[in-house]
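What follows is each chain in one-letter form.
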Amino acid sequence: MSQDGKPSSAGAVAGVDALSQDLLAHALAGVHDPRDRKSCRLASRAFARAEAASRRSARPLRCEALPRVLRAFPSLTSLDLSACAGLDDASLAAALSSAGGTELGVRRVSLARASGVGWRGLEAMVAACPRLEAVDLSHCVAAGDREMAALAAAAGLRELVMDKCLGVTDVGLAKVAVGCPGLDRLSVKWCREISDIGIELLAKKCPNLRSVDISYLKVSNESLRSLSTLEKLEEIALVGCMFIDDGGLRMLCAGNSLQSIDVSRCHHVTSQGLASLIDSQRFIQKINAGDSLHEIESCFLSKLSTIGETLTVLRLDGLEIFASNLQAIGDSCKNLAEIGLSKCNGVTDDGIASLVVHCGYLRTIDVTCCHLLTNDALAVIAENCRMVECLRLESCPFINEKGLERIATHCSHLKEIDLTDCRINDEALQHLASCSELEILKLGLCSSISDKGLVYIGSNCAKLVELDLYRCSAITDEGLAAVAQGCKKIRMLNLCYCTQITDAGLKHLSTLEELTNLEMRCLVRITGIGITSIAIGCTSLIELDLKRCYSVDDAGLWALSRYSQNLRQLTISYCQVTGLGLCHLLGSLRSLQDLKMVHLSWVSIEGFEMSLRAACGRLKKLKLLGGLRSVLSPELLQTLQACGCRVRWVDKPLVYKG
Amino acid sequence: MASGTATNADPDQQTVRSNSVEQFYFPRPGQSLPGIPPFFGPPSSSLYLANDNEAKVGNQLEPNPSQSTDWDPQAIVSNLTFLEQKIKQVKDVVQSMSNRENQVASGSCEVAAKQQLITADLTSIIIQLITTAGSLLPSMKNPLSSNPAVRQLSNTLGSPMGFGMNANQRPSVDSKTDIPDIGKASGYEELINSLNTTQDERDELIKGPNPCGGEGSEPTPMEDHDVKESDDGDHEGENLPPGSYVVLQLEKEEILAPHTHFCLICGKGFKRDANLRMHMRGHGDEYKTAAALAKPTRDSGSDHAPVTRYSCPFVGCKRNKEHKKFQPLKTILCVKNHYKRSHCDKSYTCSRCNTKKFSVIADLKTHEKHCGRDKWLCSCGTTFSRKDKLFGHVALFQGHTPALPMDDVKVSEASEQQQGSEPMNEISRSMGCFPCSSSDGISNLDMKMADDVRGYYSPMSFDPCFGALDDFTRPGFDISEDPFSFLPSGCTSNNETSRVNKGSNVPPLGLWKWTETLSDFSH
């Protein structure tokens, strides 16, 4: 084995070469971070070979790489093509056929938002992957019955997600139902053409269905009658089904396998319907009744005790809930792990107290916009729910550092806290910094937060992944320096309207190698220099928002096109860029799929035309000024459309400066 | 007979002719299809004449009069042997085709031509089979008239090749000489008499310069009004005892006149209600009062009026009061629709498909609503007027799926299927009418077109013979020996072979079962 391995510089690596591939693969299985795996690969060819042989999943970012990926990783079972830029029928079919004629072992394929893939590509995929079990086609808005017919050839399919495949009708669903009788998970959310007839056939043809999502469909109770014949049905989502009412829920009462039901936004579902459902389905674990019940009635609350042992998730967003209701819930459901009371009127400190006193296992508490809550509620949560991991407190204006101090001292597991629009200060951050597990911190609109607070965070929250500083206008470059210093794992950072930030701050941020999403709207002081440092440093960048960064010019775009090869989503509206920079950007960024460029008044029509031509095979979403619709060449627009690109035209006047 | 009648110019003349011919073609209420001949010899021969290759065979298989009265096992055996050989030939061809398909990519026009050839062969085999089985018929001990199943069988057997009898649609040159003399059976006696009486006339018609050739080549439209028949006033559940109602029989002219107001006493029709009221004065003094002459107020005296039912003026029709099992029609509208649908020419042609003809304009309008674009098609080729009917069908049969609308983009299986189906459809058309009788029991399937035979006898009651028979006319509908297990429609390459095999396994006696099924439905 070591004979073809190059003589290594370090003796330790030579030792690695001597190990068997199985052992190396086993060792690699313990390495989860893709960056660490890359380091291993780079350190030794033996590792590279071991990984190639054992790798199970891949997520290619460009379709040019797809054939190589398929050849290099023969034991691939999961293929995520959702971020694969420029993927279309021809490239998918070619890549799959170039895999050497051998049958691919791929079982799961994600084609979410792969708008360029149509039925030809799917047909090729199904033919090349005989063991296909799961396909995700969500948000392929152009997909229709023909695509489903192609998929239906995959007889072994068990999971199918086709959310927002707008062209799919009952016929397409019937194709899938007949072709894939073993289906056990199906989501047809937003497929508005599907009706009761299709669902009825689905229930007849796919008896093994366990999870069904028919959210936002125009279906009636008849669909629920059909679905109730499914003996294994465990999960059902009916979000926003306007024609479903209590009668439908009563039909679901047959059998007792149901574990999760989501009736949020079903305006015709009432407490009685849910009560009758609970009455017969004794093992329900999750109920989401947000924005549906008009009021919470005692019949529902009293029935809750029958599923008190199993119920773990209860979401009642948007309801009128009083302390007595919360007490009844607390009395019945001792095992609750998640409670959702977002936008519930009438939630008070007393109500929260009576709930959490009994529910010691709560991990997620969502009290977004419960305006009446004060520090007392936080205190009682801290006292009773030591396991709490997620606290959503957005727009609870009476909460301050005192309450958060209690939380921080008692709830050491806290991973996520949303304090958007809560008037907290640096002192609160000082307390929160003691939660070293913190991963998500949202501080939007907390204008009293300053660099000092961020220094606290930076000093202790090393695991922070997401930080939202939207409109924290007191933040300056120093704060960013502290965060960038202490929180190396940050992936998502929102700095919109923190107008004091300059290029120096971005220089600090450029040390965040894992940063993927960066929003910097209206940072008027940053220029191409700052963007350049970001582009060079943050190589993982996927999404970048530079809207209204008026000082950003072509230099920034040059840097982006040179270094940010992973960039997928970009907003450069109002930036001071020219056609040349735009051309270069669009010509070079091979992963770019979503581009918003409104009000680029320095770019000429030719500039738009040329740059779009350079990228039209890859773009999926485009936001442009409406005035350009008539001046851009029709061929270009047709090509864009043919490549699966959707253009959003903004109706604002066209202004030229160049 | 004057040559003028031969050209079919005089509608009255034609009506008279069809009267005498058709009165036996409608022995039961459900059977509304025109021209079901009661025996099989002549029609089959005429069909074979149309097909040059098979003409000799057809003649060979023709039961001659002496054979048909006494069952000749020798002849049957020889026929069956011939069938065996024929089937084997076809099988070889198909096998060679399937072999070749494995090697070369399918879809060449050569394959299509061969498929066409095979379909033609298979069709002829089936017809011979039926003919052979049919020759058993007259040997039945029971008098035919008392055995509905036999009558039914004879009807159904005749119908697939029923051109000769189907009101001069096909030249049936030698039909006269071939009429078997089976006068023992009373049902036949009448029929043959009537046939003989009309024979001259028909021959005349055929010898005419243009014996309605266009009409003959067209597929016989007989399906839509079957569905409609139910509103002819077929009140199965009514069962008024005879004599409990007044029977009124309107004259043909009255029925066909564009009247909308009818005298409840004598049935005379009027265009205007005022004229009717004037007419009513003749029926007695009670109609002369000012109140009666004034505009009618509804429900006045309707309760004490005697129950009135109507009779069709067409002698021999079950709706005619002379009929043994007379079933009255409920309203004048029923009479009008019934008469037009059953005893009149279909003069309204759908302008969209140019195929379907109707005698009642309302039927045409109903059809035009569904004709063309909103056809719901199953992968087996069956079409439905409504989506839920299609989905009900798909739910019932394994492997069937709703078919996507045929676009030119779909190249692989769809085009193959279509290629196969073209010759098939042709044949099914040239074979004309399958026994589509009443709408009883099938209205829930809502089938259309001539190929609706399938749904007609609800899939549950198929026997292998019918399945196989149907299989020839309906490509892509992969029926296997077991009527309940259908192959998935994807495997088109094997279809041809399997069809042939199925065809060879069909026992001729299966026809009897089929007949029973049929008669079940016609009650």
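Residues numbered from 1 in each chain as written. Chains lettered and ligands numbered in written order. Predicted model: local features only at pLDDT ≥ 70, side-chain atom pairs only at ≥ 80, totals over all residues. Heavy atoms only, no water.

Student: Would you explain the overall build of chain A in this entry?
Tutor: Looking only at helices and strands, one finds 28 helices and 24 strands in chain A. Pairs at least 24 apart in sequence give 74% of the contacts found in chain A among residues at least 6 apart. Total accessible area computed for chain A in this model is approximately 26300 Å², and 50% of it derives from carbon and sulfur atoms. (Helix = DSSP H or I, 4+ residues; strand = E, 2+ residues; numbered from the N terminus. Contact = heavy atoms within 4.5 Å. Areas by Shrake-Rupley, 256 points an atom, 1.4 Å probe, with all protein chains shown as cover.)

Student: What is the right way to look at the overall build of chain B in this model?
Tutor: From N to C terminus, chain B includes 23 helices and 8 strands. Buried residues in chain B amount to 52% of all 523 residues. Across chain B, contacts joining residues at least 24 apart in sequence account for 63% of those joining residues at least 6 apart. Counting every atom, chain B has about 23800 Å² of accessible surface; 54% of that belongs to carbon and sulfur. (Buried < 20%, exposed > 50% of the residue type's maximum accessible area, 1.4 Å probe, protein only.)

Student: Help me out: how do you make sense of the nonpolar core in this one?
Tutor: For soluble globular proteins, the rule of thumb is that nonpolar side chains tend to be buried together. With 207 residues, the main nonpolar core has Met125, Leu238, Leu393, Leu546, Ile572 and Met597 of chain A as its most contacted residues. Counting residues in hydrophobic clusters, the runner-up holds 13 residues, among them Leu250, Phe262, Phe314 and Leu329 of chain B. (Core = buried A, V, L, I, M, F, W, Y, C linked by side-chain atoms within 4.5 Å.)

Student: Mind showing me how you'd approach the packing of aromatic side chains here?
Tutor: The geometry of two aromatic rings is summed up by the distance between their centres and the angle between their planes. Residue and element names in this part refer to chain A. As enumerated under the stated definition, the model contains 3 aromatic pairs over all chains in all. With a centroid separation of 6.3 Å and 75° between ring planes, the pair formed by Tyr550 and Tyr574 is classed as edge-to-face. Of the two residues, Tyr550 is situated in the loop between strand 20 (543-545) and helix 24 (554-563) and Tyr574 in the loop between strand 21 (569-571) and helix 25 (579-588); the sequence distance between them amounts to 24 residues. You can call Tyr550 partly exposed: its relative accessible area is 36%. Between Lys164 and the ring centre of Trp190, over which it is positioned, the NZ or CZ distance is 5.7 Å. One Lys or Arg, Arg548, reaches over the ring of Tyr574 and ends 4.1 Å from the middle of that ring. (Phe/Tyr/Trp six-rings, centres within 6.5 Å; stacked < 30°, edge-to-face > 60°. Lys NZ or Arg CZ within 6 Å of the ring centre and 35° of its normal.)

Student: Help me understand the UniProt feature "domain: C2H2-type" (unreviewed entry) in chain B, please; the structure alone is not making it clear to me.
Tutor: Within this structure's numbering, the places UniProt gives as "domain: C2H2-type" (unreviewed entry) are residues 261-288 of chain B. Along residues 261-288 of chain B the backbone is 29% helical and 14% strand, and the end-to-end C-alpha distance reaches 18 Å. (UniProt positions renumbered as here; feature names shortened; annotations may be inferred.)

Student: Teacher, can you tell me more about the packing of helix 10 (residues 196-205) of chain A against helix 18 (residues 387-396) of chain B here?
Tutor: Each pair of packed helices gets described by two things: the angle between the helix axes and the distance between those axes. Orientation of helix 10 of chain A relative to helix 18 of chain B, taken along the N-to-C sense of each, is 5°, at an axis distance of 10 Å. Put simply, helix 10 of chain A runs roughly parallel to helix 18 of chain B. Each of Ile197, Gly198, Leu201, Lys204 and Lys205 of chain A in helix 10 of chain A lies in contact with helix 18 of chain B, whose residues at this interface are Lys387, Asp388, Phe391, Val394 and Ala395 of chain B. Its residues placed into classes, the contact of helix 10 of chain A with helix 18 of chain B shows 5 nonpolar, 1 polar and 4 charged. (Axes fitted to C-alpha atoms, helices over the stretch in contact; angles between N-to-C directions. Parallel < 35°, antiparallel > 145°, perpendicular 65-115°, else oblique. Nonpolar A, V, L, I, M, F, W, Y, C, P; charged D, E, K, R; others polar.)

Student: Can you walk me through the pattern of salt bridges in this structure?
Tutor: When their charged atoms lie close together, side chains carrying opposite charge are able to pair. Residue and element names in this part refer to chain A. Applying the stated rule across the entire model yields 33 salt bridges over all chains. As a salt-bridge pair, Arg55 and Glu51 come within 3.6 Å of each other at their nearest N and O atoms. Residue class for Arg55 comes out partly exposed when judged on its relative accessible area of 23%. The closest approach of N and O atoms between Asp317 and Arg315, which form a salt bridge, is 3.2 Å. One exposure class covers both Asp317 and Arg315, and it is buried. When salt bridges that share partners are traced, they join Arg315, Asp317, Glu338, Asp366, Arg392 and Glu416 into one network. (Salt bridge = Lys/Arg side-chain N within 4 Å of Asp/Glu carboxyl O.)

Student: Explanation requested: the state of the cysteines in the structure shown.
Tutor: Two cysteines joined by a covalent bond between their sulfur atoms form a disulfide. Residues and elements named next belong to chain A. Here the structure, examined in full by the defined rule, presents 0 disulfides over all chains. Free of any disulfide, Cys385 has its nearest neighbouring cysteine sulfur in Cys359, separated by 7.3 Å. Take Cys385: its relative accessible area is 0%, and that puts it in the buried class. With no disulfide of its own, Cys487 has Cys461 as its nearest cysteine by sulfur position, at a separation of 6.2 Å. On the basis of relative accessible area, Cys487 is assigned to the buried category, the value being 0%. (Disulfide = S-S within 2.5 Å.)

Student: Explain the side chain of Asp317 of chain A here, please?
Tutor: Residue and element names in this part refer to chain A. Tracing the chain through its elements places Asp317 in the loop between strand 11 (313-315) and helix 15 (323-332). Asp317 gets classed as buried once you look at its relative accessible area, which sits at 15%. Within polar-contact distance, the side chain of Asp317 engages the side chain of Arg315 at 3.2 Å. (Polar contact = N/O pair within 3.5 Å; in protein donor to acceptor, adjacent residues only side chain to side chain.)

Student: What exactly am I supposed to notice about the interface of chain A and chain B here?
Tutor: For interface size, the figure often reported is the accessible area lost on association. Tallying the contact residues gives 17 residues for chain A and 19 residues for chain B. Note on chain A versus chain B: buried area summed over both sides is about 1500 Å², and carbon and sulfur give 67% of it. On inspection of chain A and its partner chain B, the count reaches 1 salt bridge. Notably, a salt bridge pairs Asp170 of chain A with Lys387 of chain B, separated by 2.6 Å at the nearest N-O pair. Remark: the boundary between chain A and chain B carries 5 residue pairs in polar contact (both at pLDDT 80 or more). Elements with a minimum of two residues in the side of chain A that touches chain B: helix 7 (119-128), helix 8 (145-151), helix 9 (170-179) and helix 10 of chain A. Residues of the side of chain A that touches chain B, tallied by class, amount to 7 nonpolar, 2 polar and 8 charged. (Buried area = accessible area lost by both parts, 1.4 Å probe.)

Student: Hey, could you run me through helix 10 of chain A in this one?
Tutor: Turn by turn, an α-helix covers 3.6 residues, leaving residues three or four places apart pointing in a common direction. Of all the positions in helix 10 of chain A, only Gly198, Ile199, Leu201, Leu202, Ala203 and Lys205 of chain A are classed as buried. Buried residues belonging to helix 10 of chain A abut helix 9, strand 6 (185-187) and helix 11 (221-227) of chain A together with helix 18 of chain B.

Student: Explain helix 15 of chain A here, please?
Tutor: Of all the residues in helix 15 of chain A, the buried ones are Asn325, Leu326, Ile329, Gly330 and Ser332 of chain A. Buried-residue contacts for helix 15 of chain A involve helix 14 (298-304), strand 11 and helix 16 (349-356) of chain A.

Student: Honestly, a positive patch on the surface in this entry has me stumped. Any pointers?
Tutor: A surface patch of positive charge is lined by Arg113, Lys164, Lys621, Arg646 and Arg648 of chain A. Using a relative accessible area of 46% as the deciding quantity, one classes Arg113 of chain A as partly exposed. (Patch = residues over 30% accessible without salt bridge, like charges linked within 9 Å, V, L, I, M, F, W, Y side chains within 5 Å. Lys, Arg positive; Asp, Glu negative; His and termini not counted. Charge placed at Lys NZ, Arg CZ, Asp CG, Glu CD.)

Student: Please explain the side chain of Glu514 of chain A as it appears in this structure.
Tutor: Residues and elements named next belong to chain A. Within the secondary structure, Glu514 is located in the loop between helix 22 (503-509) and strand 19 (517-519). Taking relative accessible area as the criterion, Glu514 reaches 15% and is therefore assigned buried. Setting aside its immediate chain neighbours within four residues, Glu514 contacts Asp33, Arg35, Lys488, Lys489, Ile490, Arg491 and Ser540.

Student: Help me understand the packing of helix 20 (residues 451-460) of chain A against helix 21 (residues 477-486) of chain A in this model?
Tutor: Residues and elements named next belong to chain A. Packing of helix 20 against helix 21 leaves a shortest axis separation of 8 Å and a crossing angle of 5°. As the angle between them shows, helix 20 and helix 21 are arranged roughly parallel. Between helix 20, through Asp451, Leu454, Val455 and Gly458, and helix 21, the contact on the second element is made entirely by Glu478, Gly479, Leu480, Ala482, Val483 and Gly486. Its residues assigned to classes, the contact of helix 20 with helix 21 shows 5 nonpolar, 3 polar and 2 charged.

Student: I keep staring at unusual backbone geometry and nothing clicks. Help me out?
Tutor: For residues that are not glycine, phi is negative in most cases, and the peptide bond is trans in most cases. Residue and element names in this part refer to chain A. The backbone phi angle of Tyr216 is positive, close to 65°, even though this residue is not glycine. Along the polypeptide, Tyr216 turns up in the loop between strand 7 (211-213) and helix 11. Residue Tyr216 is classed as buried on the basis of its relative accessible area of 15%. Despite not being glycine, Asp421 has its phi angle at roughly 65°, a positive value. On the secondary structure map, Asp421 appears in the loop between strand 15 (416-418) and helix 19 (426-432).

Student: Can you walk me through the environment of Leu227 of chain A in this structure?
Tutor: Relative to the assigned elements, Leu227 of chain A resides in helix 11. In this structure the C-alpha to C-alpha distance between Leu227 of chain A and Ala203 of chain A, which are 24 residues apart in sequence, comes to 5.6 Å.

Student: I would appreciate a short explanation of the environment of Arg35 of chain A in the present structure.
Tutor: Counting through the fold element by element, Arg35 of chain A comes out in helix 3 (residues 34-43). Setting aside its immediate chain neighbours within four residues, Arg35 of chain A contacts Glu513, Glu514 and Ser540 of chain A.

Student: It is not clear to me how the confidence of the model for chain B should be interpreted in this structure. Could you clarify?
Tutor: Regions with low pLDDT should not have their predicted coordinates read in detail. Residue and element names in this part refer to chain B. The predicted model of chain B has a mean per-residue pLDDT of 57, with 38% of residues at 70 or higher. Across chain B, the element-wise mean pLDDT spans from 36 in helix 20 (residues 453-456) up to 90 in helix 18. For the stretch residues 1-69, pLDDT sits under 50, and the model shows 162 contacts to residues farther than four places along the chain or on other chains. Within the model, pLDDT remains below 50 along residues 139-237, and this stretch shows 213 contacts once partners closer than five positions in the same chain are excluded. Across the interface, the model reports ipTM at 0.83; the global pTM reads 0.62. (pLDDT = per-residue confidence, 0-100.)

Student: Explain the confidence of the model for chain A here, please?
Tutor: Counting all residues, the mean pLDDT for chain A is 91, and 97% of those residues have values of 70 or more. Every residue in residues 1-11 of chain A is under pLDDT 50, and counting partners more than four places away or in other chains gives 10 contacts.

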